[in-house]
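Each chain, letter by letter, is given below.
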Amino acid sequence: QQPVQSPQAVILREGEDAVINCSSSKALYSVHWYRQKHGEAPVFLMILLKGGEQKGHEKISASFNEKKQQSSLYLTASQLSYSGTYFCGTGRAGGFKTIFGAGTRLFVKA
Amino acid sequence: ETGVTQSPTHLIKTRGQQVTLRCSSQSGHNTVSWYQQALGQGPQFIFQYYREEENGRGNFPPRFSGLQFPNYSSELNVNALELDDSALYLCASSLTSGAYNEQFFGPGTRLTVL
């Protein structure tokens, strides 16, 4: 079942923060985050595993609440280069496939 | 280390035709997953190949089929094309099978069915 992402879209000014949420009705083992710019392939940001630690990547970090089957992606002090569509992908224990959400469109303006 | 490559970049076909899309996995990766991405949507899982065997598939009809070769490159074949098959087709390679693995996507093949 496809994870639900919120919000569907967000507009920021450069330097502002944003949070993108991803939730599933199924028990999760992994959550993947990707960013896709228009006309390009999705680019891997980070993966969070059940029982693992919160991950960080410069000003982009994420958390995984196993009990609530939710993950959040935190974008701090946003830059113009952060614009794009962010997808979460979820995986189950013993599973092989990643199921992606519909995406959150982020636009950062100067 | 070369990344994931796909060919062709763009393709235009007519309804009822057949198409073959190709993907070269990243060096050292033995798993390739194929996705269909409609405009404005997230990638939809088609199937995965692990060491030349289909490892599982999503909710796609049998006219979507694939292959993986000994060098772990892969093909996606679609028979009897329908208008709704128009989409961006992405392949992603990973070190091995399992939902805990990072996936690295290729640039995609844009298929248009007229």
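Above this text is the structure in question.
Sequence positions are assigned chain by chain, starting from 1 and proceeding in written order. Chains carry letters and ligands carry numbers; both start at the beginning, A for chains and 1 for ligands, and go up in the order they are written. Only residues with pLDDT of 70 or above have their local features reported here, since the model is predicted, and side-chain atom pairs are shown and tallied only from 80 upward, although totals for entire chains, interfaces and linings are computed over all residues. For side-chain calculations, the full set of non-hydrogen atoms in the structure is used, while hydrogens and water are omitted.

**Re the overall build of chain B**
Reasoning step 1: The way it works is that DSSP assigns letters per residue, a run of H or I at least four long becomes a helix, a run of E at least two long becomes a strand, and they are numbered from the N terminus. For chain B, the helix and strand inventory stands at 0 helices and 11 strands.
Reasoning step 2: C-alpha atoms define the radius of gyration, and 2.2 Å times the number of residues to the power 0.38 defines the globule rule. Against the 2.2 N^0.38 benchmark of 13 Å for 114 residues, chain B shows a C-alpha radius of gyration of 13 Å, consistent with a compact globule.
Reasoning step 3: In chain B, which comprises 114 residues, the share counted as buried stands at 51%.
Reasoning step 4: In chain B, once contacts between residues fewer than 6 apart in sequence are set aside, the share between residues at least 24 apart is 54%.
Reasoning step 5: Each accessible area is a Shrake-Rupley result for a 1.4 Å probe, and residues are judged covered by the shown protein chains and nothing else. By element, 49% of the accessible surface of chain B is carried by carbon and sulfur atoms, the whole surface being about 5,300 Å².
Reasoning step 6: His is not counted, nor are the chain ends; Lys and Arg add positive charge and Asp and Glu add negative charge. A charge is said to be at NZ when it belongs to Lys, at CZ for Arg, at CG for Asp and at CD for Glu. Distance between charge centroids for chain B: 8 Å, based on 7 positive and 9 negative side chains. A 1.4 Å probe rolled over the protein chains alone gives each residue an accessible area, and that area as a share of the maximum for its type sets the label: buried under 20%, exposed over 50%, partly exposed in between. By the convention used here, residues are in contact when the closest approach between their heavy atoms is within 4.5 Å.

**A closer look at the side chain of Thr104 of chain A**
Residue and element names in this part refer to chain A.
Reasoning step 1: Along the polypeptide, Thr104 turns up in strand E11 (residues 104-109).
Reasoning step 2: Of the residues examined, Thr104 reaches a relative accessible area of 0% and is grouped as buried.
Reasoning step 3: A distance of 2.7 Å separates a polar side-chain atom of Thr104 from the backbone oxygen of Pro7.
Reasoning step 4: Ignoring anything within four residues of it in the chain, the contact list for Thr104 reads Gln5, Ser6, Pro7, Gln8, Ala9, Val10, Ile20, Gly84, Thr85 and Tyr86. Under this definition, polar contacts are N or O atom pairs within 3.5 Å; protein pairs additionally need one hydrogen-donor-capable and one acceptor-capable atom, and for neighbouring residues in sequence, both atoms have to be side-chain atoms.

**Considerations on the nonpolar core**
Reasoning step 1: Only buried residues count toward a nonpolar core, which is a set of Ala, Val, Leu, Ile, Met, Phe, Trp, Tyr and Cys residues joined through side-chain atoms within 4.5 Å. Counting 21 residues, the largest nonpolar core has Trp33, Met46, Leu73, Leu75, Tyr82, Tyr86 and Leu106 of chain A as the members making the most contacts within it.
Reasoning step 2: Breaking this core down by element, the ones donating at least two residues are strand E2 (9-13), strand E3 (18-23), strand E4 (30-36), strand E5 (43-49), strand E7 (60-65), strand E8 (70-75), strand E9 (84-91) and E11 of chain A.
Reasoning step 3: In contact with Leu75 of chain A, other than residues within four places in its own chain, are Glu16, Asp17, Ala18, Ile20, Lys59, Ile60, Tyr82, Tyr86 and Leu106 of chain A.
Reasoning step 4: By size, the runner-up hydrophobic cluster in this structure holds 19 residues, among which are Val4, Leu21, Trp34 and Leu81 of chain B.

**A look at the interface of chain A and chain B**
Reasoning step 1: Taken together, the contact pairs 22 residues of chain A with 24 residues of chain B.
Reasoning step 2: For the pair chain A and chain B, the summed buried area comes to about 1,700 Å², and 59% of that belongs to carbon and sulfur atoms.
Reasoning step 3: Whenever a carboxyl oxygen of Asp or Glu lies within 4 Å of a side-chain nitrogen of Lys or Arg, that contact is scored as a salt bridge. Taken together, chain A and chain B are joined by 0 salt bridges.
Reasoning step 4: Across the contact surface, chain A and chain B share 4 residue pairs in polar contact (both at pLDDT 80 or more). By buried area we mean the combined loss of accessible area, with a 1.4 Å probe, across both parts when two parts are placed together.

**Section: the pairing of E7 of chain A**
Reasoning step 1: Burial analysis of E7 of chain A places 5 of its 6 residues in the buried class, which makes it a mostly covered element.
Reasoning step 2: Connecting E7 of chain A to the next strand, E8 of chain A, in antiparallel fashion are 4 residues, including Gln69 of chain A with a positive phi near 55°. Strands pair, by our definition, only if DSSP identifies at least two bridges between them.

**Let's talk about the layout of surface pockets**
Reasoning step 1: Cavity means a closed set of points on a 1 Å grid over the protein atoms alone, one where a 1.4 Å probe fits but cannot get out, pocket means an open set with protein on both sides within 12 Å along at least 5 of 7 lines, and lining means a residue has an atom within 4 Å of a point. Grid points are joined across faces, edges and corners, and a volume is the space filled by probe spheres set on the points. In this structure, the largest pocket occupies an estimated 490 Å³ of space.
Reasoning step 2: Lining the largest pocket we find 22 residues, and of these Gln36, Lys37, His38 and Gly39 of chain A together with Arg110 of chain B sit closest to its centre.
Reasoning step 3: If you list the elements that add at least two residues to the lining of the largest pocket, you get E9 and E11 of chain A together with strand E11 (109-113) of chain B.
Reasoning step 4: It is E9 of chain A that contributes the most residues to the lining of the largest pocket, 3 residues altogether.

**Focus: the state of the cysteines**
Residues and elements named next belong to chain B.
Reasoning step 1: Cysteine sulfur atoms that pair up within 2.5 Å are treated as a disulfide. Scanning all chains against the criterion turns up 2 disulfides over all chains.
Reasoning step 2: The residue that forms a disulfide with Cys23 is Cys91, at a sulfur-sulfur distance of 2.0 Å. Its S-S torsion of approximately 75° makes the covalent link between Cys23 and Cys91 right-handed. Of this pair, Cys23 sits in strand E3 (residues 19-24) while Cys91 is found in strand E9 (residues 87-94), placing the two residues 68 residues apart along the sequence.
Reasoning step 3: Residue Cys23 is classed as buried on the basis of its relative accessible area, which comes to 2%.

**Concerning the sheet that holds E3 of chain B**
Residue and element names in this part refer to chain B.
Reasoning step 1: Read across the sheet, 4 strands follow the order E1-E3-E8-E7 without closing on themselves; strand pairing throughout is antiparallel. The open sheet terminates on both sides in strands that have one partner only, identified here as strand E1 (5-7) and strand E7 (64-68). Shown here is a sheet whose adjacent strand axes are inclined to one another by a mean of 20°, direction ignored.
Reasoning step 2: Here E7 pairs with strand E8 (residues 74-78) via 5 bridges, running antiparallel. What sits directly across from Phe64, in E8, is Val78. Helix axes use the C-alpha atoms of the stretch in contact, all axes being lines fitted to C-alpha atoms, and the angles between their N-to-C directions lie in the range 0 to 180 degrees.

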